[in-house]
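Tertiary structure, described
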Amino acid sequence: MNMKMLLANAEAWPGFDTTVDLLKGGGAAIPAMVGGIAKVEREAKVRSVGYGGWPNMLGEMEFDAGVMDGTTRDVGAVGAVPATLPVSALAYEVMQHLPHVMLTGAGARRFATERGFALDEVLHPDSKRVWWERLQKEMSPQQLAAFPDIPLAPLSNTITDPERVRDTTVFLGRDSGANIGVVTSTSGWAWKYPGRLGDSPIPGAGFYADSRYGAAACTHTGEMTMRCGTSRSIVLALRLGHTLEDAVKLAVEELAELKTGFLAGVVIHAMDASGNHQVVNYRCDDEIRYWYWDERMAAPELRVATTVKP
């Protein structure tokens, strides 16, 4: 059933309708989703993505994004990118114009300039205020006087997100040509060690798509999904004949097997080529919601994810 459909996390609200309208009009999946996520990235009220996100330990914004075309399995990804919005569009430029899959840091910013992206002011004033107030609480007077020329690792182990926000924006969609794709974007873990990449730009971990079988994308604790290759596990299970429900169950079981390292919550978003979808909340304390639309529906709906226990 070649049904147009779109699945995204709750923070996708600024751009979800934009992508739906583009899909309704016959737009291709990837450009439609990049167009929607660009609005999420510029919305200051979304505190885990783009301009509204949180800085790293040094007070610098570093953005990650990924794009995958499930029909060709082409991928573009960028990581730890400074001064650039929308970063998902930059990942799409990588996919279209370079022989590489991923660019990071200064190299990604150089490429952004080549492709006509402006140097953006990306640190929200309120994020800067909260960042500095939180750091001051953790540092001794000696550390404060020497900052930033101090060891950052001890601080990374004591400071977590101010609002426990680890919710990458993920869009998974299928267009009128039955092409399935995924687009992700995030500002990453607040107070992260500079240069940290989560799963959002890592194909197979934070996202994966194959139009023959389905797609998956993850939010929250990327340190876990990178270790398990969660998104690829789900799509591979679909290829091997598992139902979507069983494929997601297998991925959750793999996450549950982790006993060391940083362990917290993970949200899995997945769809199959038959038009089924599933969103699962693993170990997140709060209720998780997500957006869903397909061409049979009059309007998108905000739904509640299924909660699974460890």
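Below or above, wherever it landed, is the structure these notes cover. (Residues numbered from 1 in each chain as written. Predicted model: local features only at pLDDT ≥ 70, side-chain atom pairs only at ≥ 80, totals over all residues. Heavy atoms only, no water.)

Here we come to helix α1 (residues 16-24). Among all positions of α1, only Phe-16, Thr-18, Thr-19, Val-20 and Leu-23 are buried. The elements touched by buried residues of α1 are β1 (5-9), α2 (29-41), β5 (169-174) and β11 (289-294). (Buried < 20%, exposed > 50% of the residue type's maximum accessible area, 1.4 Å probe, protein only. Helix = DSSP H or I, 4+ residues; strand = E, 2+ residues; numbered from the N terminus. Contact = heavy atoms within 4.5 Å.)

With that out of the way, let us pick up the pairing of strand β9 (residues 266-272). Among the seven residues in β9, seven count as buried, and that is most of the element. Burial along β9 is two-sided: the residues Val-266, Ile-268, Ala-270 and Asp-272 and Val-267, His-269 and Met-271 are all buried. Pairing of strand β8 (residues 214-220) with β9 involves seven bridges; the strand directions are antiparallel. Across the sheet, Ala-217 pairs through a bridge with His-269, a residue of β9. (Pairing = 2+ DSSP bridges.)

A separate point is empty space enclosed by the protein. Enumeration over the complete set of coordinates arrives at one cavity of 30 Å³ or more. Here the largest cavity defines a volume of roughly 100 Å³. Taken together, 14 residues form the lining of the largest cavity, with Thr-168, Gly-188, Trp-189, Arg-196 and His-220 sitting closest to its centre. Across the lining of the largest cavity, the residue classes break down as one nonpolar, eight polar and five charged. (1 Å grid on protein atoms, 1.4 Å probe; cavity = no way out; pocket = protein on both sides within 12 Å on 5 of 7 lines; lining within 4 Å. Points joined across faces, edges and corners; volume = space filled by probe spheres on them. Nonpolar A, V, L, I, M, F, W, Y, C, P; charged D, E, K, R; others polar.)

The next thing to look at is the packing of α1 against α2. The interhelical angle for the contact between α1 and α2, taken along N-to-C directions, is 155°, at an axis separation of 7 Å. When the interaxial angle is binned, α1 and α2 end up roughly antiparallel. Considering how the two elements wind past one another, α1 and α2 form a crossing that is right-handed. Of the residues in α2, those in contact with Thr-18, Thr-19, Leu-22 and Leu-23 of α1 are Ala-29, Ala-32, Met-33, Gly-35, Gly-36 and Lys-39. Class assignment for the residues of the contact of α1 with α2 results in five nonpolar, four polar and one charged. (Axes fitted to C-alpha atoms, helices over the stretch in contact; angles between N-to-C directions. Parallel < 35°, antiparallel > 145°, perpendicular 65-115°, else oblique. Left-handed = near helix turned anticlockwise from the far one by under 90°.)

Whenever strands of a sheet pair, they do so through backbone hydrogen bonds, lying parallel or antiparallel. Reading across the sheet, the eight strands line up as β4-β3-β2-β6-β5-β1-β11-β12 and stay open at both edges, with mixed pairing between neighbours. Each edge of the sheet is formed by a strand with only one pairing partner; in this case those strands are β4 (102-104) and β12 (301-304). Averaged over all adjacent pairs, the angle separating strand axes in this sheet is 15°, with direction ignored. One ladder, built from four bridges, connects β11 with β12; its direction is antiparallel. By the bridge assignment, Tyr-292 is partnered in β12 with Glu-301. Each of β1, β5 and β11 is contacted by α1, which is oriented at about 165° to β1, the strand it contacts most.

This structure, assessed with the given rule, holds seven aromatic pairs. Members of the aromatic cluster, connected to one another through ring pairs, are Phe-16, Phe-171 and Trp-291. Positioned above the aromatic ring of Trp-54 is the side chain of Arg-47, whose terminal nitrogen or guanidinium carbon lies 4.4 Å from the ring centre. (Phe/Tyr/Trp six-rings, centres within 6.5 Å; stacked < 30°, edge-to-face > 60°. Lys NZ or Arg CZ within 6 Å of the ring centre and 35° of its normal.)

Looking at the secondary structure, you find Thr-230 in helix α9 (residues 230-239). Aside from chain neighbours lying at most four places away, what touches Thr-230 is Gly-204, Ala-205, Cys-218, Thr-225, Ala-251, Leu-255 and Ile-268.

Along the polypeptide, Arg-129 turns up in helix α5 (residues 125-138). Residues Arg-129 and Val-46, 83 residues apart in the sequence, show an inter-C-alpha distance of 17 Å.

Remember that the coordinates give geometry; whether it matters functionally is a separate question.
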